[in-house]
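Residue-level structural notes
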2 protein chains.
Amino acid sequence: MIRLDTAQTGAFLRSCEDAYILIHRSPDGDCIGSGYSLQAVLRQMGKRAKVLCADPIPPRFGFLLPEEPEEEFAPKCIISVDVADETLFGDLEKTYRGRVDLCIDHHISNREYAAHLLLDAGASSACEVLCRVYREMGVTFTEEIAKCLYTGMATDTGCFKFDNTGAGTFRAAADLMEEFPSVRYDLINRAMFDVKTPGQIRAEIAMLQHMEYFLDGRVTIVWATLAICRENGVDERDMEGLANLALSPEGVEVGITVREREPGQFKISLRSAKDVNVSAICQTFGGGGHIKAAGCTLSGTPDEVRSQLIAAVEAAL
Amino acid sequence: MIRLDTAQTGAFLRSCEDAYILIHRSPDGDCIGSGYSLQAVLRQMGKRAKVLCADPIPPRFGFLLPEEPEEEFAPKCIISVDVADETLFGDLEKTYRGRVDLCIDHHISNREYAAHLLLDAGASSACEVLCRVYREMGVTFTEEIAKCLYTGMATDTGCFKFDNTGAGTFRAAADLMEEFPSVRYDLINRAMFDVKTPGQIRAEIAMLQHMEYFLDGRVTIVWATLAICRENGVDERDMEGLANLALSPEGVEVGITVREREPGQFKISLRSAKDVNVSAICQTFGGGGHIKAAGCTLSGTPDEVRSQLIAAVEAAL
């Protein structure tokens, strides 16, 4: 594994041909914005490029997808963006494991699986890293690229709310806003953070009503059970945006959201309000992420899952 | 009324002595941040200055207040910040109406009541305007001033979410973050946007459960009634942060929050998701504000209030 800096990454991108761009399963704003901005940049340079994801792109990110049809071609180069671990390729893992030529990432938990790696764990998002790469390459920014990069930076920072937001994040956003004043950043934010379907609102009410408090209110658990999803007509995937709900009570230090994927199978999101490293907690369960926002999967009964989680958080507090 | 530019405002502040700084009733992050930053700047220059507000500063803004005791002195100069209209002085109006020497504001609805006015309706917040004034004056920024200015910009933009956020807002925030990296901006954001008391969470559930939809879902009303406040042990003032709740359903263009102050007396907040000018709607009821966020007060029965509001919004749609 060879570490690259921003300039070397630019040189790599200039010289690559016929690139597949891999993003992680359960795609979010940052990997989608990273993937499609890079596709646009490479196409602008006359290269063939396409984004591959194990899961469909959720409809609310549809505005980031280009109108041009996908090209069919065999890859000469495999690039991953915002993917800390090859297992996060999902169903694409069996095909691309050990084959990634370049990884561009911002996760401190990156497994260094690629032949070349640009990792900036201090950046808010992969989009912020890519923004710097493109600027140094002298890429001509377009509205399409600006929307992708803004969306990635905004979604990974909770709209510039979390402590991964840095001066560099704000300056990158300011530059995009100045160059492309006609983009409706406010409508992007609304779609990303505020809009809920009636089913999501009902499900949120149910989850709030059953919020559990532990360790003197320093820890909360919110359950997105299959029953809540079924009763309110929502999909477990529609619950992605609710991971911060568990942090809303005053005094909470760790907020846990448990999403039931199938009976006995749970996807866990941990959020830290202050200084607890939830990435370390999730790593003890085979997961990972960022210090303030991390995840893992657990199986068992709800009682077993609850006990395991509370014990792990108690040890960390 | 004489319009001042940023440099002239700086000169005014340099020459003023013994200043009272007036902020608006029901104080929010922007007027508090503006007021206390200006107090700090004037004191730094060896002047006497103090902030006056008709209502108490809510406890969650306590971290912006200086430790030094308030000085007792008679004013030689009256400055208002973030106050569009003298009626917003609340109980201080009778004393200071017609006496304001300098107003620094960002509300397009400013009534030009002061002898001198620095108005930048394109700025996100009065704090953004003041930040520019202080920079041009060559003020030595302190952590205290940085916290005040950041809090004002963040709160008035919904944490950089609304369309009043501009490149200048982002750059001002980036500068503060670079100069004062030890300030916990993430904890300020958490306190301003995410933390709720158990009573607020219960009240929010009740409000969401009774959300009303009108005009094919393009308009919503959320009621913070005295009954909901009483049942959940919260004060009507604790409901300040909930004005965006009414905008959460998909497809809503105007979200209305009605807070019952006393039986038959309602404080109305309108939020616009897209392009409806809610300031114009509120002006027809004697209120005002910004294009996307405005307010007014109405009296009558809930049915009367509802009909008046829906008719006014329907006319604007």
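Below you will find a few notes about this structure. Predicted model only: the values in this text are computed from it and were never measured. (Residues numbered from 1 in each chain as written. Chains lettered and ligands numbered in written order. Predicted model: local features only at pLDDT ≥ 70, side-chain atom pairs only at ≥ 80, totals over all residues. Heavy atoms only, no water.)

1. So, the overall build of chain A
In terms of helices and strands, chain A carries eleven helices and twelve strands. Compactness check: chain A gives a C-alpha radius of gyration of 20 Å against a globular reference of 20 Å for 317 residues, within 12% of the reference. Expressed along its principal axes, the backbone C-alpha trace of chain A runs to roughly 55 × 40 × 35 Å. Partitioning the contacts of chain A with sequence separation of at least 6, the portion at a separation of at least 24 is 64%. Within the structure as shown, chain A displays about 12,500 Å² of accessible surface, and the carbon and sulfur contribution to it stands at 49%. Averaging the coordinates of the 32 positive side-chain charges in chain A and doing the same for the 47 negative ones gives two points 1 Å apart. (Helix = DSSP H or I, 4+ residues; strand = E, 2+ residues; numbered from the N terminus. Rg over C-alpha atoms; globule rule 2.2 N^0.38 Å. Contact = heavy atoms within 4.5 Å. Areas by Shrake-Rupley, 256 points an atom, 1.4 Å probe, with all protein chains shown as cover. Lys, Arg positive; Asp, Glu negative; His and termini not counted. Charge placed at Lys NZ, Arg CZ, Asp CG, Glu CD.)

2. Quick look at the pattern of salt bridges
For the structure shown, the criterion picks out 44 salt bridges over all chains. The salt bridge involving B:K292 is made with A:D186; its shortest N-O contact spans 3.1 Å. Residue B:K292 is located in the loop between β11 (288–289) and β12 (293–299), and its partner A:D186 is located in helix α7 (residues 185–194); the two belong to separate chains. Accessibility classification places B:K292 together with A:D186 in one group, the buried group. Between A:D194 and B:K161 there is a salt bridge, with its nearest N and O atoms 2.9 Å apart. Placement of the pair is A:D194 in helix α7 and B:K161 in the loop between α5 (143–156) and α6 (167–179), with the two residues belonging to separate chains. Using a relative accessible area of 17% as the deciding quantity, one classes B:K161 as buried. Each of A:D163, A:D275, A:K292, B:R184 and B:D186 takes part in salt bridges that share partners, so that together they form one network. (Salt bridge = Lys/Arg side-chain N within 4 Å of Asp/Glu carboxyl O. Buried < 20%, exposed > 50% of the residue type's maximum accessible area, 1.4 Å probe, protein only.)

3. A short note on the sheet that holds strand β2 (residues 19–22) of chain B
Residue and element names in this part refer to chain B. Read from one edge to the other, the open sheet built from six strands follows the order β1-β6-β5-β4-β2-β3, with strand pairing classed as parallel. Two strands lie at the open edges of the sheet, namely β1 (2–3) and β3 (49–52), each paired on one side alone. Where β2 and β3 come together, four bridges link them in parallel fashion. Within β3, the residue paired with Y20 across the bridge is K50. Taken strand by strand, helix α1 (residues 6–15) contacts β1, β4 (77–81), β5 (102–105) and β6 (116–119), and its axis lies near 135° from that of β5. (Pairing = 2+ DSSP bridges. Axes fitted to C-alpha atoms, helices over the stretch in contact; angles between N-to-C directions.)

4. Thoughts on the nonpolar core
In globular proteins that are soluble, nonpolar side chains generally tend to be buried together. The biggest cluster of nonpolar side chains holds 111 residues, and the ones touching the most others in it are A:I79 and B:I79. A:I205, B:M211, B:A224 and B:M239 belong to the second largest nonpolar core, which has 32 residues in total. (Core = buried A, V, L, I, M, F, W, Y, C linked by side-chain atoms within 4.5 Å.)

5. Details of the interface of chain A and chain B
Listed as interface residues are 41 residues of chain A and, on the opposing side, 41 residues of chain B. Counting each side, the surface lost to burial between chain A and chain B is near 3,600 Å², with a carbon and sulfur contribution of 57%. At the junction of chain A and chain B, the tally comes to ten salt bridges. The partner of A:D175 in a salt bridge is B:R171, and the shortest N-O contact between them spans 2.8 Å. The interface formed by chain A and chain B includes 24 residue pairs in polar contact (both at pLDDT 80 or more). Only α6 (167–179), α7 and α8 (198–209) of chain A provide two or more residues apiece to the side of chain A that touches chain B. (Buried area = accessible area lost by both parts, 1.4 Å probe. Polar contact = N/O pair within 3.5 Å; in protein donor to acceptor, adjacent residues only side chain to side chain.)

6. Let's talk about the relation of the copies chain A and chain B
The transformation that overlays chain A on chain B combines an axial shift of 0.0 Å with a rotation of 180°, and the residual RMSD is 0.0 Å. Taken together, the rotation angle and the small translation identify this as a two-fold axis. When C-alpha distances to the rotation axis are compared across chain A, the minimum falls at A:F170, with a value of 2.6 Å. Interface overlap between copies is the fraction of interface residues in one copy that are interface residues in the other; for chain A against chain B it reaches 100%, indicating a shared surface. (Least-squares fit on C-alpha atoms with pLDDT ≥ 70 in both.)

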